[in-house]
Amino acid sequence: MTVRAGREFLAIPGPTTMPDEVLQAMHRPALDIYSKEMVELTESLLADLSKLFATKGQSYIHIANGHGAWESTLSNVLSRGDKVLVLESGRFAIGWGQAAAAMGAEVEVLKGDWRRAIRLTDVEERLRQDKEHKIKAILAVQVDTASGAYNDIEAIGKAIKASGHPALFMVDTVASLGCMPFEMDAWGVDVAMSGSQKGLMTPPGLGFVAANDRAREVHKKAGLRTPYWDWSEREGSEHYRKYAGTAPVHLLFALRRAIDMLHEEGLENAFQRHRLLGEAVRRAVSVWAEGQVIGFNIAEPQERSNTVTTVLMNGHDPVALHRYCKEKCGVVLGVGIGELHGQAFRIAHMGHVNAPMILGTLGVVEVALNALDIPHGKGGTEAAIEWLGESVSA
Ligand SMILES: *Cc1c(COP(=O)(O)O)cnc(C)c1O
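Think of each chain on its own: its residues are numbered from 1, step by step along the sequence as written. Under the rules for a predicted model, residues below a pLDDT of 70 receive no local features and side-chain atom pairs below 80 are neither given nor counted, while totals for whole chains, interfaces and linings still include all residues. As a convention, hydrogens and water are excluded, and side-chain values are obtained from all of the structure's heavy atoms.

Trainee: Break down the site of the ligand for me, citing the residues and quoting the values.
Mentor: Here, proximity means that at least one heavy atom of the residue falls within 4 Å of the molecule or strand. Surveying the vicinity of the ligand reveals the residues N65, G66, H67, W70, F92, V143, T145, D172, V174, A175, Q197 and K198. In this structure, T145 approaches the ligand through a side-chain N or O atom, which is 2.3 Å from an oxygen atom. Residue-level accessible areas treat just the shown protein chains as cover; the underlying method is Shrake-Rupley with a 1.4 Å probe. Considered on its own, the ligand offers 380 Å² of accessible surface; in the complex 90% of this is hidden by protein. When residues in the shell around the ligand are grouped by element, the largest group, three residues, is from helix α3 (residues 66-77). For this classification, Asp, Glu, Lys and Arg are treated as charged, while Ala, Val, Leu, Ile, Met, Phe, Trp, Tyr, Cys and Pro are nonpolar and the rest, including Gly, are polar. Per-class residue counts for the shell around the ligand are five nonpolar, five polar and two charged. Side-chain atoms alone can form a polar contact between residues adjacent in sequence; in general such a contact is a pair of N or O atoms within 3.5 Å, and within protein one must be able to donate a hydrogen while the other accepts it. The numbering of helices and of strands both runs from the N terminus, where a helix is a DSSP run of H or I of at least 4 residues and a strand a run of E of at least 2.

Below, the structure is given as structure tokens:
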């Protein structure tokens, strides 16, 4: 017996649920890529991406996923042998650093902890030690989608500034842009990147990069530049150069609609919605944790992301839980990845999410915990309901 039918619900951190409006925006013929309409579409998107990143710098759209956007950021500012400092807080900054190493950079990982956000004092201390300024770039993620850690990018930017170190500060916002505040210029970030398929509610396949003047100055001498990723190429006047070839017309239609929807909601309201729904998930997990099996991966409450929650299962099988939710109830949870493989599940709450989606997901997890006899505190979904009832005013 199952209670699944119809649309499978993705509670995974990417690709996320796409609004019907975004899907429908693609249901039309392609544009002439040399037309005025095409040029205007590109210009509007680049301007809006810079606004989302909150920068006066330049934005670029790559036909790529997040890994591609990583490669864009690295190849455009680094030369072979340049030293890169990776601030660990889970898996994703490490992955970005591995790309840098494969491309010929010398990569140092500032050791972190899978259960904690980046520690500011460690960052400042390491940078002060680098008296000769060998480190050319510092890589950090705002939200680590594997551990569920939220890093305070503003505070890290201040720590870098306090150290007086000139390295470029580069930030991955794939799991946070459009969901949580990000202020590239105000926070001292030189290069930021993101992707289409998480908070931005758009199909996978677009990678976004923004660079400030300092980064674009460094770019001029970067030795790792290649034609496809090269920012200078993309600043050429002919429109096709913006994409280093044919524009991904339909993905751009989708992105246009998704950003319009964010504007219609209001970015601040979208951030608030993520805060409320993220807290609803945390309220439920806190109650389930009373059974001594379920627990938060991120130890400190203020270091937990509003876009994804990583839940440990202390000795119980997350595969069985995952399978039950998917096969019996039609909800796909994220699995534990990296160091948490086989030990955790993840609930994504990013992008096009609302109360029924989140309460439904929590309810299904609770059904599975009951069906599988996994010890847990009773009333997790109820706690989420109470939280929303208290905080969403009539
Ligand atoms: C998903 C993700 C990536 C990788 O994006 P892909 O599109 O899968 O290449 C990078 N960083 C973070 C923080 C992510 O969540």
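Trainee: Explain the packing of aromatic side chains to me, using residue names and the numbers behind them.
Mentor: Only Phe, Tyr and Trp rings are paired, with Trp represented by its six-membered ring, and only when their centres lie within 6.5 Å; those with planes under 30 degrees apart are stacked, over 60 edge-to-face, the remainder tilted. Following the criterion strictly, the structure yields five aromatic pairs and no others. For the ring pair Y60 and W231, a centre distance of 5.3 Å and an interplane angle of 5 degrees mean the geometry is stacked. With a gap of 171 residues between them, Y60 in strand β2 (residues 58-63) and W231 in helix α8 (residues 231-234) connect regions that are remote in the sequence. For every residue, the accessible area obtained with a 1.4 Å probe (protein chains only) is divided by the maximum for its type, and the residue is called buried under 20%, exposed over 50%, and partly exposed between those limits. The buried category is assigned to Y60, whose relative accessible area is 3%.

Trainee: With reference to specific residues and values, describe the environment of T73.
Mentor: Its place among the elements puts T73 in helix α3. Residue T73 is classed as buried on the basis of its relative accessible area of 0%. The spacing of T73 and V171 is 98 residues in sequence and 9.6 Å in space, taken between C-alpha atoms. Contacts are assigned to residue pairs with any non-hydrogen atoms lying within 4.5 Å of each other. Ignoring sequence-local partners within four residues, the contact set of T73 consists of W96, M170, V191, M193, V209 and W231. A polar atom in the side chain of T73 sits 2.6 Å from the backbone oxygen of W70.

Trainee: Provide a residue-level description of empty space enclosed by the protein, including the pertinent values.
Mentor: As defined here, a cavity is a set of points on a 1 Å grid over the protein atoms alone where a 1.4 Å probe fits but cannot get out. A pocket is an open set with protein on both sides within 12 Å along at least five of seven lines, and residues line them when an atom is within 4 Å of a point. Grid points are joined across faces, edges and corners, and a volume is the space filled by probe spheres set on the points. A complete count under the given rule lists two cavities of 30 Å³ or more for this structure. When its volume is computed, the largest cavity comes out at roughly 60 Å³. Element by element, the count of residues in the lining of the largest cavity is highest for strand β1 (residues 9-11), at three residues. Here the residues of the lining of the largest cavity are counted per class, giving seven nonpolar, four polar and no charged. Lining the second largest cavity are S147, G148, F296, N297, I298, R304, V308, T309 and T310. Among the elements that line the lining of the second largest cavity, the one with the most residues is strand β12 (residues 308-312), at three residues. Grouping the amino acids of the lining of the second largest cavity by side-chain chemistry returns three nonpolar, five polar and one charged.

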